Structure formats: structure tokens, C-alpha cells
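Coordinate inspection notes
Single-letter residue listing:
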Amino acid sequence: MMHIVLHEPEIPQNTGNIARTCAATGATLHLIEPLGFSLDEKQIKRAGLDYWHLVNVQTYKNYEEFLEKNNFPKVYMATTKSRQTYTDVSYEEECYIMFGKETAGIPEEILLDNKETCIRIPMISEARSLNLSNSVAIVIYEALRQHQFEHLTKQGELHHYHW
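In short, a report on the structure. The shown structure was predicted, so the numbers you read here are calculated from the model rather than taken from an experiment. (Residues numbered from 1 in each chain as written. Predicted model: local features only at pLDDT ≥ 70, side-chain atom pairs only at ≥ 80, totals over all residues. Heavy atoms only, no water.)

Another point: the overall build of the chain. A tally of helices and strands in the chain yields five helices and six strands. Traced from its N-terminal end to its C-terminal end, the chain shows the element sequence β-α-β-α-β-α-β-β-α-β-α. Referenced to the eigenvectors of the C-alpha coordinate spread, the extents of the chain come out at roughly 55 × 35 × 35 Å. For the chain, the residues scored as buried account for 44% of the 163 residues in total. Of the contacts formed within the chain by residues at least 6 apart in sequence, a portion of 75% connects residues at least 24 apart. Carbon and sulfur atoms make up 49% of the accessible area of the chain, which totals about 9,800 Å². (Helix = DSSP H or I, 4+ residues; strand = E, 2+ residues; numbered from the N terminus. Buried < 20%, exposed > 50% of the residue type's maximum accessible area, 1.4 Å probe, protein only. Contact = heavy atoms within 4.5 Å. Areas by Shrake-Rupley, 256 points an atom, 1.4 Å probe, with all protein chains shown as cover.)

This is the structure we're talking about:
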């Protein structure tokens, strides 16, 4: 099982989209407060569509509570400041991948404490960052690919025809 951790997310639509990705992949969604929205807001519900019942959502008052309640796990830190890319690491079957808030990312003091697990999605130097929900999808699917997409359906069927 994969774990997606959002540190102080600000935009409800991004978190809703990420929740849908978590639902589709079986990942747990961890939300570290403060949140820039209420989990009851219409925008977050709309972005997550009718997948909310498939998502295990955990919330925490702060980063320290997240660490304590999860037995101080190894956490990959997605950041534009990393020197290694998200494809340079081998993800464990049950790994935690953290993403920071849209306007500031993960606080640098947290990054410094975890420099060996910081990862970056390559992009041109003129771009500040990618959209948060896109970044989550890119990284989680690489982690899942490394484990041959275990527990995920790998073949689809046509609705009105047969292959």
C-alpha cells in the first residue's frame, strides 16, 4: 500500500483530484493541517467525484503528529529543490511520499532533515513547479510501476465490443 502525504494543502480541487488518484490506486491519503479548506467543501467533493468512499483519509494537527502516529516512517519528499529525481530511487512496497502546499512546498527545515529521500520531477529551469495533483500522479505511478502495479487491474474491456 502506498501513502500520499499532503503537507498543509491549500487548494480543495487539487486535494479532491489527489483523493481520486488515491482511490484508484488504493493509496492512503494523509493530510497535515492546517488545510486551506474544509473537507466538507463542495469543490473538494466535486473534484473527488464519487470516489470518496474508496479513500482512507487520515488528518493530523501537524507534521510531528503525523510522524508519531505512523511510527516515524521513511518519507520521500517531493520538492523542486532536490538533487535526485523521482526515478532515481527504489520505492518500498509500503512507502510514504510527501508533497508540500501549492504556494511554498515542504518547509526547508523538514527537507534538510530528509535530504537523502528528497526527490524531484525534472522540468525546464524557467518553470517553478507542476500542478500538485499532477505531481502526485506522476510519482505514485512510478512507485507502483516499480512493483509491477500489484493489486491494480492491468487490463480493461470494451463496453460494447470485445477485443
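Attention now goes to the environment of lysine 154. Among the structural elements, lysine 154 can be located in the segment after helix 5 (132–146). Looking at lysine 154, the relative accessible area reads 60%, which means it is exposed. The contact partners of lysine 154, leaving out residues within four places of it in the chain, are Gln148 and Phe149. A distance of 2.9 Å separates the side chain of lysine 154 from the backbone oxygen of glutamine 148, its partner in a polar contact. (Polar contact = N/O pair within 3.5 Å; in protein donor to acceptor, adjacent residues only side chain to side chain.)

With that settled, consider the side chain of histidine 30. Mapping histidine 30 onto the fold places it in strand 2 (residues 28–32). Of the polar contacts made by the side chain of histidine 30, one reaches the side chain of tyrosine 60; its length is 2.7 Å. Setting aside residues no more than four positions away along its own chain, histidine 30 makes contact with His3, Ile4, Val5, Leu6, Gln58, Tyr60, Phe66, Asn70 and Tyr96.

Turning our eyes to something else, we now look at the state of the cysteines. What the rule picks out here adds up to zero disulfides. Cysteine 118 takes part in no disulfide bond, and the closest cysteine sulfur to it belongs to cysteine 95, at a distance of 15 Å. (Disulfide = S-S within 2.5 Å.)

Note that alanine 27 resides in the loop between helix 1 (12–25) and strand 2. For alanine 27 and leucine 54, which are 27 residues apart along the polypeptide, the C-alpha to C-alpha distance reads 9.5 Å. Look past the residues within four positions of alanine 27 in its chain and what remains in contact with it is Met2, Ile4, Cys22 and Ile140.

None of the figures reported here should be taken as evidence of function without further support.
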